[in-house]
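What follows is the residue order along each chain.
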Amino acid sequence: MIPDDQFVKRVPLTKEEIRAISLYKLSLSKDDIVADIGSGAGGMSVEIALRAKKVYSIDLNREAIENLKENLKKFNIKNCEIIHGKAEEAIKNLEFNKAFIGGTKNIEEIIKILAEKEVSHIVANTIVLENTLKIVKLLESYNYKLDIVLANISKAKKISPGYIFFSHNPIYIITALL
Ligand SMILES: C[S@@+](CC[C@H](N)C(=O)[O-])C[C@H]1O[C@@H](n2cnc3c(N)ncnc32)[C@H](O)[C@@H]1O
């Protein structure tokens, strides 16, 4: 795993421990082609690229795409194709067998397309309760079998009396298999 402070971060970055659990749930091999839907700063895209055959990194935000490019360069990633645009449009024309969802705008359409393409392995990160429930219901409606983890991470920082723990936002990690 790459420590958080090694990444260039100008837009939201999935934190190291959440990346670790999400990568484990993606169960990647060198044959996998993965769509990273809402790739943000590229934290997951970089980690996926190091473990899979190819990653499509899709984000609608120009600043996120620029930040992603900086991280791809920094970690010398060559097997990543960058797509600046809406994931619900981009994924229609791509071939991939796994998807990681880090961005949830128009999630109904995104999950509908993933189900139509019979993408059999999806991992999603959510922070907003309403989005979590929406994604769970959508995936169930397309007959995915779900595994749902709520990761409550606290990390210690050493300050004068000793180590103090600072809590991160709880993140839901939803794994969906066909
Ligand atoms: C929390 S960030 C992802 C962080 C990323 N996983 C990482 O490791 O750095 C979510 C991103 O999803 C993008 N996003 C949200 N909905 C999207 C959509 N429908 N299509 C493309 N990008 C989307 C946002 O622009 C944002 O940059």
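Just so we're clear, the structure is a prediction, and the values are computed from it rather than from any experiment.

Basis of the calculations
- Residues numbered from 1 in each chain as written.
- Predicted model: local features only at pLDDT ≥ 70, side-chain atom pairs only at ≥ 80, totals over all residues.
- Heavy atoms only, no water.
- Buried < 20%, exposed > 50% of the residue type's maximum accessible area, 1.4 Å probe, protein only.
- Helix = DSSP H or I, 4+ residues; strand = E, 2+ residues; numbered from the N terminus.
- Pairing = 2+ DSSP bridges.
- Right-handed = clockwise from strand over helix to strand, strands pointing away.
- Near = heavy atom within 4 Å.
- Polar contact = N/O pair within 3.5 Å; in protein donor to acceptor, adjacent residues only side chain to side chain.
- Areas by Shrake-Rupley, 256 points an atom, 1.4 Å probe, with all protein chains shown as cover.
- Nonpolar A, V, L, I, M, F, W, Y, C, P; charged D, E, K, R; others polar.

> Just to check I follow, could you spell out the pairing of strand 2 (residues 54-59) for this structure?
When a strand is regular, its side chains alternate between the sheet's two faces. Along strand 2, five of the six residues are buried, which leaves the element largely enclosed by surrounding structure. The pairing of strand 1 (residues 33-37) with strand 2 spans five bridges and is classified as parallel. Across the sheet, A35 pairs through a bridge with Y56, a residue of strand 2. The β-α-β motif built from strand 1, the intervening helix 2 (residues 43-49) and the parallel element strand 2 has right-handed crossover chirality. Relative to strand 3 (residues 80-84), strand 2 runs parallel, the two being bridged by five bridges. Along strand 3, the bridge assignment pairs I58 with I83. With helix 3 (residues 62-74) bridging strand 2 and the parallel strand 3, this β-α-β connection has right-handed handedness.

> Help me understand the site of the ligand in this model?
Taken together, the neighbourhood of the ligand is formed by 24 residues, with T14, M44, D59, A87 and K105 sitting nearest. At 3.2 Å from an oxygen atom of the ligand is found a main-chain nitrogen or oxygen belonging to G42. Here the ligand has 610 Å² of accessible area as a free molecule, and 87% of this is covered by the chains. Looking at the shell around the ligand, the elements that each hand over two or more residues are helix 2 and helix 4 (87-90). Tallied by class, residues from the shell around the ligand come to nine nonpolar, 11 polar and four charged.

Remember, this is a structural readout, not a statement about activity or role.
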